[in-house]
Amino acid sequence: MTNLYELQLTGELVAQCGGNLNSDAESCVGVAPLTGADDAFAVGDTKPEGKGQLLCFTGQELDNFATKWVTDRGLTV
């Protein structure tokens with residue numbers, strides 16, 4: 001398996017929520033695809049304090065996480 005942390009972002013993190021609308025820095029989770037992998041992503045914090053601190057996952061890993069997160073928290077989509 002490719003070391004995802006050796007790959008580069010494809011563009012900027014894209015915010016996946018709409019929080020902290022009272023400031024210039026939206027507090028959110030951002031996601032960006034990684035170059036050199038068919039299905040891999042970096043996840044990071046969009047706040048200035050979190051800049052550059054990224055976690056990298058395959059698409060399957062993120063799908064598994066998201067499914068469990070939604071189920072465990074009793075959320076509906």
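A quick note: this is a predicted structure, and the numbers were derived from the prediction, not measured. Position labels on residues start from 1 in each chain and follow its written sequence. Given that this is a predicted model, residues contribute local features only at a pLDDT of at least 70 and side-chain atom pairs are listed and counted only at 80 or more, while totals for whole chains, interfaces and linings are drawn from all residues. Heavy atoms from the whole structure form the basis of all side-chain values; hydrogens and water molecules are not counted.

A. Spatial organisation of the environment of Ala-37. A run of H or I in DSSP becomes a helix once it reaches four residues, and a run of E becomes a strand once it reaches two; helices and strands are each numbered from the N terminus. Looking at the secondary structure, you find Ala-37 in the loop between β2 (29-33) and β3 (40-45). With relative accessibility at 27%, the residue Ala-37 sits in the partly exposed group. Taking C-alpha positions, Ala-37 is 8.1 Å from Leu-4, a pair spaced 33 residues apart along the chain. Buried residues are those whose accessible area, probed at 1.4 Å on protein chains only, stays under 20% of the maximum for their type, while exposed residues exceed 50% and partly exposed ones sit between those limits.

B. Quick peek at the nonpolar core. Residue types Ala, Val, Leu, Ile, Met, Phe, Trp, Tyr and Cys, when buried and joined through side-chain atoms within 4.5 Å, form a set referred to as a nonpolar core. Counting six residues, the largest nonpolar core consists of Leu-4, Leu-7, Leu-34, Ala-40, Ala-42 and Cys-56. Not counting chain neighbours up to four residues away, the residues in contact with Ala-42 comprise Leu-9, Leu-13, Gly-30, Val-31, Ala-32, Leu-34, Leu-54, Leu-55 and Cys-56. The contact definition used throughout considers only heavy atoms, calling two residues in contact when any of these lie within 4.5 Å.

C. The sheet that holds β2, seen in detail. As summarised here, the arrangement of the four strands in space is β1-β2-β3-β4, forming an open sheet in which the pairing is antiparallel. Each having just a single partner strand, β1 (14-15) and β4 (54-58) make up the two edges of the open sheet. When DSSP finds two or more bridges between a pair of strands, those strands are recorded as paired. Looking at chain direction, β1 and β2 are connected through two bridges and run antiparallel. Bridging from a neighbouring strand, Ala-15 pairs with Gly-30 of β2. Think of each axis as a best-fit line through the C-alpha atoms, taken over the contacting stretch in the case of a helix, with angles from 0 to 180 degrees between the N-to-C directions. Packing of helix α1 (residues 59-73) onto the sheet brings it into contact with β3 and β4, and relative to β4 it is tilted by some 100°.

D. The arrangement of the confidence of the model for the protein in detail. Every residue is assigned a pLDDT by the predictor, reflecting its confidence on a scale from 0 to 100. Averaged over every residue, the pLDDT of the protein is 88; the share at 70 or more is 87%. At the level of individual helices and strands, the protein shows its lowest average pLDDT in β1, which scores 86, and its highest in β4, which scores 97.

E. Representation of the pattern of salt bridges. One side-chain nitrogen of Lys or Arg within 4 Å of one carboxyl oxygen of Asp or Glu is enough to make a salt bridge. Evaluation of the coordinates by the stated rule reveals two salt bridges. Of the charged contacts, one joins Asp-72 and Lys-68 as a salt bridge, the two residues approaching to 2.7 Å between their closest N and O atoms. Of this pair, Asp-72 and Lys-68 are both found in helix α1, four residues apart, which corresponds to roughly one turn of the helix. Each member of the pair, Asp-72 together with Lys-68, is exposed.

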